[in-house]
Amino acid sequence: MRIKKNIALSDTGFVFNPTTGDSYTINQVGQEILGFFSENKSLEEITPLMTTTYDIDPPSFEKYFFDFVSMLRQFELLDEENEN
Amino acid sequence: MKTKITVALTGLNNTDNPGPGVPVIRGIRESDFFETRIIGLAYENLEPGIYMDGMVDKTYQVPYPSEGSDILVSRILEIHKKDPIDVLIPNFDAELYAFMRSENLLEEAGIKTFLPTLEQFEERHKTNLPDFGEKYDLTVPFSKPITRIDEIEKLKDEFDYPVMVKGKFYDAYLAYNKEQVRMNYNKISAKWGLPVIIQEFIKGTEVNVVALGDGKGNTIGAVPMRKQYITDKGKAWSGITLDDPKLLEMTHQIIRAMKWRGGMELELVKSHKNELYIIEINPRIPAWVYLAVGAGQNMPEALVKLALGLEVKPFDDYQVGKMFIRYSYDLITDLKEFEKLSTLGEL
């Protein structure tokens, strides 16, 4: 999973989509997940990293993860054309 | 050393439905090339731009185009005789016809303009938009001009509600049923005359492009913007520049195909399927043009250069993510100023 190349993401969690003009704020957990995306990590790699850092079991994390991803998709922030 | 020129322009109505005059002046004033004396041409004596500090050097009242094109142009020539004008920038759709028709007359008197041709003006007219879309292979919403109130009843055969009800120059309202169409038809026709245009409503995000064509098919500048805050009149109260290659390509395509001459504003809707529909093509610089200046494309200055026959290199870049936010401000002035303009027709 990858965020579109032209999406601007600041250290404060401010996300700007220059194609649509929309902007969003994501929290620290969201920023961490987007950081994993930029490192090309898969869900299988992200889940143990998150469940050891935070008090959450893998099934619950995956549920929230997919919610988050579907929101990114809805906001047209995911680079789905260049998905492998 | 800067070149000294005098520019006369309209659109000083910096109200909640602003004309482009004040932002055009700001762009020209920021020019490194020109030292400009600005003559404001005002239709109403309470247009804020008349009284704003640092905007106009002199204001003259002019008659509305509805009083007759010749009367308006005669007044401009009368002003020119005592206060010579190098470049005239009309900023309203409704007055463009008068100035386009008199372009040669103005030129002979020494007043330069840089306007679309009458053919270009007519071609992109709201009433001709479906033909325009077909000719240039552009997606436009289905629309139909109506001139009689009894045509409203039959709209259900060709349109699904809601529909947009638009004036030929200004104003647009969303109508959910025939009663609302009728109400808006009456309101618009009383103000702007006929026809009234009924347009298919496209759900999506409204985006706009300010652009400048050199009349030879080249795009001198183009900056896309999305309205972030919209007033109840549908005007942008804040906006942000976008990085959208599809929008820019469409702008270049239109200017290339039409050989557009002068400023223009494209109004588009991006549907949820990411299709771009052209809603309107306005034949002049829009009121939000100062955003383009702030983003690196001083189109008012470039327009003046084009009018004067100077070489203008196309802008190749602008800053994405630049924002504008309008504000209101209570300007205090003296009755004497108002009195002078009201009685003498100049200030």
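Reading guide: rules and limits
- Position numbers for residues start from 1 in each chain and track the written sequence from start to end.
- Each chain is given a letter, starting from A, and each ligand a number, starting from 1, according to the order in which they appear as written.
- Residue-level local features of this predicted model are given only where pLDDT is at least 70; pairs of side-chain atoms are given and counted only at 80 or more, and the full residue set underlies all totals for whole chains, interfaces and linings.
- The numbering of helices and of strands both runs from the N terminus, where a helix is a DSSP run of H or I of at least 4 residues and a strand a run of E of at least 2.
- Only C-alpha atoms enter the radius of gyration; for comparison, a globular chain is expected to reach 2.2 Å times N to the power 0.38, where N is the number of residues.
- Any two strands with at least two DSSP bridges between them are considered paired.
- Each axis is a line fitted through C-alpha atoms, taken for helices only over the stretch in contact, and angles between the N-to-C directions span 0 to 180 degrees.
- C-beta atoms are first placed from the backbone for all residues, and any pair lying within 7 Å is then listed as a contact.
- Three classes are used, and their members are as follows: Ala, Val, Leu, Ile, Met, Phe, Trp, Tyr, Cys and Pro are nonpolar, Asp, Glu, Lys and Arg are charged, and the others, Gly among them, are polar.
- Residue ranges assigned to the domains are those given by an automatic or database domain assignment.
- Working rule for angles: under 35 degrees goes down as roughly parallel, over 145 as roughly antiparallel, 65 to 115 as roughly perpendicular, anything else as oblique.
- Crossings are classed by handedness, with left-handed meaning an anticlockwise turn of the near helix from the far one by less than a right angle and right-handed meaning a clockwise turn.

Student: Looking at this structure, I do not really get the overall build of chain A. What am I missing?
Tutor: Per the secondary structure count, chain A includes three helices and three strands. Helices and strands in chain A line up, N terminus first, as β-β-β-α-α-α. Relative to the 2.2 N^0.38 estimate, which gives 12 Å for 84 residues, the radius of gyration of chain A is 13 Å and therefore close to what a compact globule would have. Taking the principal axes of its C-alpha atoms as reference, chain A extends roughly 35 × 30 × 20 Å.

Student: Honestly, the sheet that holds strand 6 (residues 163-166) of chain B in this entry has me stumped. Any pointers?
Tutor: Hydrogen bonding along the main chain pairs the strands of a sheet, whether they run parallel or antiparallel. All names here are of chain B. Pairing in this open sheet of four strands is antiparallel, and the strands run 5-8-6-7 from one edge to the other. Only two strands of the sheet have a single partner each, and these edge strands are strand 5 (143-146) and strand 7 (172-175). Averaged over all pairs of adjacent strands, the angle between strand axes in this sheet comes to 25 degrees, irrespective of strand direction. By the bridge criterion, four bridges tie strand 5 to strand 8 (residues 196-200) in an arrangement that is antiparallel. Residue pairing in the sheet places Ile-146 in a bridge with Val-196 of strand 8. Here helix 8 (residues 178-192) sits on the sheet in contact with strand 6, strand 7 and strand 8, set at roughly 20 degrees to strand 6.

Student: Help me understand the interface of chain B and chain A in this model?
Tutor: When the parts of a complex come together, some accessible area is lost, and that lost area is often taken as the interface size. Contacts between the two partners involve nine residues from chain B and, on the opposite side, six residues from chain A. Looking at the side of chain B that touches chain A, its residues break down into three nonpolar, three polar and three charged.

Student: Could you clarify how one ought to interpret the domain arrangement of chain B in this entry?
Tutor: Here chain B is described as being made up of domain 1 (3-114 + 330-344), domain 2 (152-199) and domain 3 (203-325). Just the C-alpha atoms count here: the centres of domain 1 of chain B and domain 2 of chain B sit 32 Å apart.

Student: So what exactly am I meant to see when it comes to unusual backbone geometry here?
Tutor: The phi torsion of most residues other than glycine is negative, and most of the peptide bonds are trans. With an omega of 0 degrees, the peptide bond running from Tyr-161 of chain B to Pro-162 of chain B counts as cis. Mapped onto the secondary structure, Pro-162 of chain B falls in the loop between strand 5 and strand 6. Of note, the phi angle at Asn-40 of chain A is positive, near 60 degrees, even though the residue is not glycine. Relative to the helices and strands, Asn-40 of chain A resides in the loop between helix 1 (28-38) and helix 2 (43-53). Despite not being glycine, Asn-274 of chain B has its phi angle at roughly 65 degrees, a positive value.

Student: How do you make sense of the packing of helix 2 of chain A against helix 3 (residues 58-74) of chain A when you look at a structure like this?
Tutor: The description of two packed helices rests on the angle between their axes and on the distance between the axes. All names here are of chain A. Where helix 2 meets helix 3, the closest approach of the two axes is 10 Å, and the angle between their N-to-C directions is 120 degrees. One way to sum up the angle between helix 2 and helix 3 is to call them oblique. Note that helix 2 runs across helix 3; the crossing there is right-handed. Touching Leu-43, Thr-47, Met-50 and Thr-51 of helix 2 are Pro-58, Phe-61, Glu-62 and Phe-65, all from helix 3. Class assignment of the residues belonging to the contact of helix 2 with helix 3 gives a composition of five nonpolar, two polar and one charged.

Student: How should I be thinking about the packing of helix 3 (residues 69-82) of chain B against helix 4 (residues 93-101) of chain B in this particular structure?
Tutor: Residues and elements named next belong to chain B. Closest axis-to-axis distance for the helix 3/helix 4 pair is 9 Å, and the angle between their directions is 70 degrees. As judged from the angle between their axes, helix 3 and helix 4 are roughly perpendicular. Here Ser-69, Leu-72 and Val-73 of helix 3 come into contact with helix 4, specifically with Glu-95, Tyr-97, Ala-98 and Arg-101. Along the lines of polarity and charge, the residues of the contact of helix 3 with helix 4 split into four nonpolar, one polar and two charged.

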